[in-house]
Amino acid sequence: MILGIETSCDETAAALVTVDGHIRANVVSSQADLHAQYGGVVPEVASRRHLELVGPVVREALGEAGVTLDDVDKVAVTQGPGLVGALLVGLAAAKAIAWSRRLPLAPVDHLRGHVASLYLEPDPVEPPFLCLLASGGHTLLLDVRGYEDEQVLGTTLDDAAGEAFDKGARLLGLGYPGGREVDRLARDGDPAAYDFPVAQVPGLDFSFSGLKTSLLYATRELSADELDARRADLAASYQRAIIRALVGRVREAAAQLGSPRIAVVGGVASNSELRAALPDAALAPLPLCTDNAAMIASAGRFAATLAYPGYLGLDAYASR
Amino acid sequence: MLMLAFDTATEVATSALVDDGEVLAERSSRARTLLEDVDALLRQGGANARDLDALAVGIGPGSFTGVRIGLATARGLALALELPGAGVSTLAALAAGAPGAIPVVDARRREVFALIDGEPSVLAPADLTFEPGTVCVGDGARRYRGLFEAGGAVIPPDDDERHLPRARFHAALAGALGPVDEIEPLYLRVPDAVRSVQ
Ligand SMILES: [Zn+2]
């Protein structure tokens with residue numbers, strides 16, 4: 001059994017996953033409500049909350065799985081990328097648990113963790129595949145060749161796709177996190193009502209900041225009443241532009257790689273329009289789209305593992 | 001009772017293994033490598049992790065990230081080894097190591113943490129008042145040496161041990177033991193974002 005711990009952003013999470021990829025417990029304590037009043041994740045606020053929650057979520061995961069640490073063979077923890085102060089809380093706790101029990105520890109890359117949300121039962125996907133990782137922090141096109149072997153084909157030059165959803169939601173007067181709100185509202189709107197541009201950037205990269213600016217201009221011209229009337233159309237058109245950009249790049253990359261299997265992971269993978277636009281793609285299970293520790297434990301099955309005492313001085317990293 | 005004590009609130013993290021008041025081993029390094037110290041302490045003291053009976057952990061004030069590394073480590077140890085623990089103020093530990101002195105911790109942003117009438121407080125260095133001849137210790141005293149000395153304070157040399165919140169004092173000051181998950185950090189400052197919302 002692998003104990004996974006994740007604290008890279010605003011979810012405090014612990015999970016237990018068997019060595020053959022069955023989830024026994026997956027506890028996520030989201031801080032979204034806490035950060036909503038600030039309109040985004042505040043690193044210091046997130047780190048404080050992680051410290052309050054890290055013990056309880058690990059205990060809850062053990063309880064939910066009906067096991068004790070005696071049943072745990074390995075600890076897997078997110079080492080980066082993410083908010084360093086937040087990562088250090090989970091890393092310190094994970095190291096201490098592993099050290100206490102002389103367990104090996106697998107430091108996990110958060111992005112590989114998202115990809116590893118596909119490796120879990122009951123429908124595991126095996127590499128190779130082309131993977132779109134789209135979340136509040138990242139937008140990456142990955143040529144995944146093996147469990148520990150991937151090449152970055154494209155990335156965002158400015159905002160992440162999930163960030164574009166959040167910023168758009170704010171302009172539309174919707175709540176945080178915005179992805180789900182935009183998705184819901186878009187169902188009542190006309191996606192052709194506004195012609196928001198998809199940024200033309202070279203290669204397989206992405207850019208969403210211009211789109212956000214277009215939405216800003218569109219909303220600025222409207223009175224409060226008009227905005228109320230057009231909000232669903234704006235949401236639908238805005239969402240359509242983001243999804244078009246993502247799907248367009250996925251199709252281009254797939255053509256270049258010779259029609260590989262396509263997979264989508266990360267928080268934006270829960271977007272209904274994206275899921276519908278890629279009907280043949282392997283999609284991360286809905287509960288594993290946003291940050292969680294089951295995906296970290298999953299990645300920990302394949303990640304290079306450090307035996308005691310090799311991990312005692314391990315540090316977190318902010319970016320890859 | 002075998003107690004593991006550590007404090008990671010200031011730039012130099014300290015740790016100690018103490019058995020019924022007897023200091024078996026002491027170390028100092030950095031917060032991020034605290035567990036290397038813990039490991040070495042137990043080997044020096046000829047003990048296993050499972051021999052530990054309790055934890056004493058520094059709760060700050062000091063570096064927010066540093067304090068959290070110490071407390072998260074304590075939470076992990078307590079969870080895995082079923083240990084109780086006690087939180088000890090970093091200022092109290094400094095004061096215990098230098099009786100009669102004012103403990104001053106660098107709070108960055110041109111402020112310091114200090115005990116004012118026994119209460120942990122955050123203030124501008126220039127607002128710290130003391131009788132001439134008073135000894136000030138801690139990394140805040142070292143950093144603002146010129147200012148405090150001009151006001152008549154006595155600051156020990158930079159390499160003086162009294163500037164460190166040594167973990168043996170945390171072990172000595174540990175009060176009633178309780179659940180380590182409930183030991184709270186002493187931040188003394190709200191995050192900027194929270195302040196601007198308030
Ligand atoms: Zn993520």
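Because the structure is a prediction, the values reported are computed rather than measured.

Asks: Looking at this model, I keep getting lost on the sheet that holds strand β8 (residues 119–123) of chain B. Mind explaining?
Replies: Strand pairing in a sheet takes place through backbone hydrogen bonds and is either antiparallel or parallel in direction. All names here are of chain B. The strand order β8-β7-β6-β9 describes an open sheet built from four strands, whose pairing is mixed. Only two strands of the sheet have a single neighbouring strand rather than two, namely β8 and β9 (136–137). As defined by bridge partners, strand β6 (residues 102–106) adjoins β9 across two bridges and the pair is classed as parallel. Within the sheet, the bridge partner assigned to Pro103 lies in β9 and is Val137. In this fold helix α3 (residues 90–97) packs onto β6, β7 (112–116), β8 and β9, with an angle of close to 135 degrees to the strand it touches most, β6.

Asks: Teacher, can you tell me more about the pairing of strand β9 (residues 262–265) of chain A here?
Replies: Each regular strand displays side chains that alternate between the two surfaces of the sheet. Burial of β9 of chain A is two-sided: the residues Ile262 and Val264 of chain A facing one way and the residues Ala263 and Val265 of chain A facing the other way are all buried. Note on the crossover from β9 of chain A through helix α9 (residues 272–277) of chain A to strand β10 (residues 282–283) of chain A: the handedness is right-handed.

Asks: Sorry if this is basic, but what is going on with the packing of aromatic side chains here?
Replies: The geometry of an aromatic ring pair comes down to the distance between the two centres and the angle between the two planes. If you walk through the whole model with that rule in mind, you get 10 aromatic pairs over all chains. Residues Tyr147 of chain A and Phe302 of chain A carry aromatic rings whose centres are separated by 3.9 Å and whose planes lie at 0 degrees to one another, so their mutual orientation is stacked. Of this pair, Tyr147 of chain A sits in the loop between β7 (139–146) and β8 (149–155) while Phe302 of chain A is found in the segment after α10 (294–300), placing the two residues 155 residues apart along the sequence. Since its relative accessible area comes to 30%, Tyr147 of chain A is described here as partly exposed. When its relative accessible area of 24% is taken as the criterion, Phe302 of chain A is described as partly exposed. Their ring planes at 85 degrees and their centres at 5.3 Å tell us that Phe64 of chain B and Tyr187 of chain B sit as a pair that is edge-to-face. One end of the pair, Phe64 of chain B, is in helix α2 (residues 64–81); the other, Tyr187 of chain B, is in the loop between β10 (178–179) and α7 (192–197), and 123 residues separate them in sequence. A relative accessible area of 18% means that Phe64 of chain B is categorised as buried. Every member of this aromatic cluster is reached through a ring pair, and the members are Tyr119, Phe129, Tyr147 and Phe302 of chain A. It is Arg48 of chain A that lies over the ring of Tyr187 of chain B; its NZ or CZ is 3.7 Å from the centre.

Asks: I tried to follow the interface of chain A and chain B on my own but got confused; where do I start?
Replies: Reports often express the size of an interface as the amount of accessible area lost when the parts come together. Between chain A and chain B, the contact holds 33 residues from the first and 32 residues from the second. Carbon and sulfur atoms supply 65% of the area that chain A and chain B bury against each other, a total of about 2800 Å² over both sides. For chain A, the biggest contributors to the area lost against chain B are Arg48, Leu51 and Trp99 of chain A; these three give 26% of the whole. On the surface where chain A and chain B come into contact, there are three salt bridges. Where Arg68 of chain B meets Glu44 of chain A, a salt bridge forms, and the shortest distance between an N and an O atom there is 2.9 Å. Of all the elements in the fold, those that place two or more residues in the side of chain A that touches chain B are α2 (43–65) and α3 (84–101) of chain A.

Asks: Teacher, can you tell me more about the sheet that holds β9 of chain A here?
Replies: Residues and elements named next belong to chain A. On the basis of which strands lie adjacent, the open sheet formed by five strands has the order β8-β7-β6-β9-β10 and mixed pairing. Two strands lie at the open edges of the sheet, namely β8 and β10, each paired on one side alone. Bridge count between β7 and β8: six bridges; the pairing is antiparallel. Bridging from a neighbouring strand, Leu142 pairs with Val152 of β8.

Asks: Looking at this model, I keep getting lost on the environment of Ile23 of chain A. Mind explaining?
Replies: Residue and element names in this part refer to chain A. Among the secondary structure elements, Ile23 is positioned in strand β3 (residues 23–30). Its relative accessible area of 34% is what places Ile23 among the partly exposed residues. When the C-alpha atoms of Ile23 and Ser298 are compared, they prove to be 8.8 Å apart, with 275 residues separating the residues in sequence. The contacts of Ile23, once residues within four sequence positions are left out, are Leu16, Val17, Leu120, Leu288 and Ala294.

Asks: Quick question: what am I supposed to make of the packing of α2 of chain A against α3 of chain A here?
Replies: Helices that pack against each other are described as a pair by the angle of their axes relative to one another and the distance between those axes. Residues and elements named next belong to chain A. Closest axis-to-axis distance for the α2/α3 pair is 9 Å, and the angle between their directions is 30 degrees. One finds that α2 runs roughly parallel with respect to α3. Both α2 and α3 take part in a crossing whose hand is right-handed. Across the interface between the two elements, Ser47, His50, Leu51, Val54 and Val58 from α2 touch Gly85, Ala86, Val89, Ala93 and Ile97 from α3. Here the contact of α2 with α3 is built from residues that sort into seven nonpolar, three polar and no charged.

Asks: In this structure, what is going on with the domain arrangement of chain B? I would like to understand it.
Replies: Residues and elements named next belong to chain B. Partitioning chain B into domains gives domain 1 (2–90 + 166–197) and domain 2 (98–161). Domain 1 and domain 2 are separated by 23 Å when their C-alpha centres are compared. It is Arg166, Leu188 and Arg189 that lose the most area in domain 1 upon contact with domain 2, and together they represent 50% of the buried surface on that side. Across the domain 1-domain 2 interface, the total number found is three salt bridges. Taken together, the connections running from domain 1 to domain 2 amount to four residue pairs in polar contact (both at pLDDT 80 or more).

Asks: It is not clear to me how unusual backbone geometry should be interpreted in this structure. Could you clarify?
Replies: Both trends apply: most residues other than glycine have a negative phi, and most peptide bonds are in trans. Residue and element names in this part refer to chain A. Here the residue pair Pro127 and Pro128 is connected by a cis peptide bond, since its omega of 5 degrees sits within 30 degrees of zero. Considering the arrangement of structural elements, one finds Pro128 in the loop between α4 (110–116) and β6 (129–134). A cis amide bond links Tyr308 with the next residue in sequence, Pro309, at an omega value of 5 degrees. Among the structural elements, Pro309 can be located in the segment after α10.

Asks: Hey, could you run me through the domain arrangement of chain A in this one?
Replies: Residue and element names in this part refer to chain A. Under the domain assignment, chain A is made up of domain 1 (2–120 + 290–300) and domain 2 (129–284). For domain 1 and domain 2, the distance between their C-alpha centres works out to 27 Å. Counting each side, the surface lost to burial between domain 1 and domain 2 is near 1500 Å², with a carbon and sulfur contribution of 68%. Together, Arg112, Leu118 and Tyr119 form the three largest contributors to the area buried by domain 1 at its contact with domain 2, with a combined 38%. Where domain 1 touches domain 2, the interface holds two salt bridges. For the pair domain 1 and domain 2, the interface holds two residue pairs in polar contact (both at pLDDT 80 or more). Residue assignment for the side of domain 1 that touches domain 2 shows that the elements contributing at least two residues are α1 (32–36) and α4. In terms of residues, the side of domain 1 that touches domain 2 owes the most to one element, α4, which gives four residues.

Rules of the game
- Residues numbered from 1 in each chain as written.
- Chains lettered and ligands numbered in written order.
- Predicted model: local features only at pLDDT ≥ 70, side-chain atom pairs only at ≥ 80, totals over all residues.
- Heavy atoms only, no water.
- Pairing = 2+ DSSP bridges.
- Helix = DSSP H or I, 4+ residues; strand = E, 2+ residues; numbered from the N terminus.
- Contact = heavy atoms within 4.5 Å.
- Axes fitted to C-alpha atoms, helices over the stretch in contact; angles between N-to-C directions.
- Buried < 20%, exposed > 50% of the residue type's maximum accessible area, 1.4 Å probe, protein only.
- Right-handed = clockwise from strand over helix to strand, strands pointing away.
- Phe/Tyr/Trp six-rings, centres within 6.5 Å; stacked < 30°, edge-to-face > 60°.
- Lys NZ or Arg CZ within 6 Å of the ring centre and 35° of its normal.
- Buried area = accessible area lost by both parts, 1.4 Å probe.
- Salt bridge = Lys/Arg side-chain N within 4 Å of Asp/Glu carboxyl O.
- Parallel < 35°, antiparallel > 145°, perpendicular 65-115°, else oblique.
- Left-handed = near helix turned anticlockwise from the far one by under 90°.
- Nonpolar A, V, L, I, M, F, W, Y, C, P; charged D, E, K, R; others polar.
- Domains from an automatic or database assignment.
- Polar contact = N/O pair within 3.5 Å; in protein donor to acceptor, adjacent residues only side chain to side chain.

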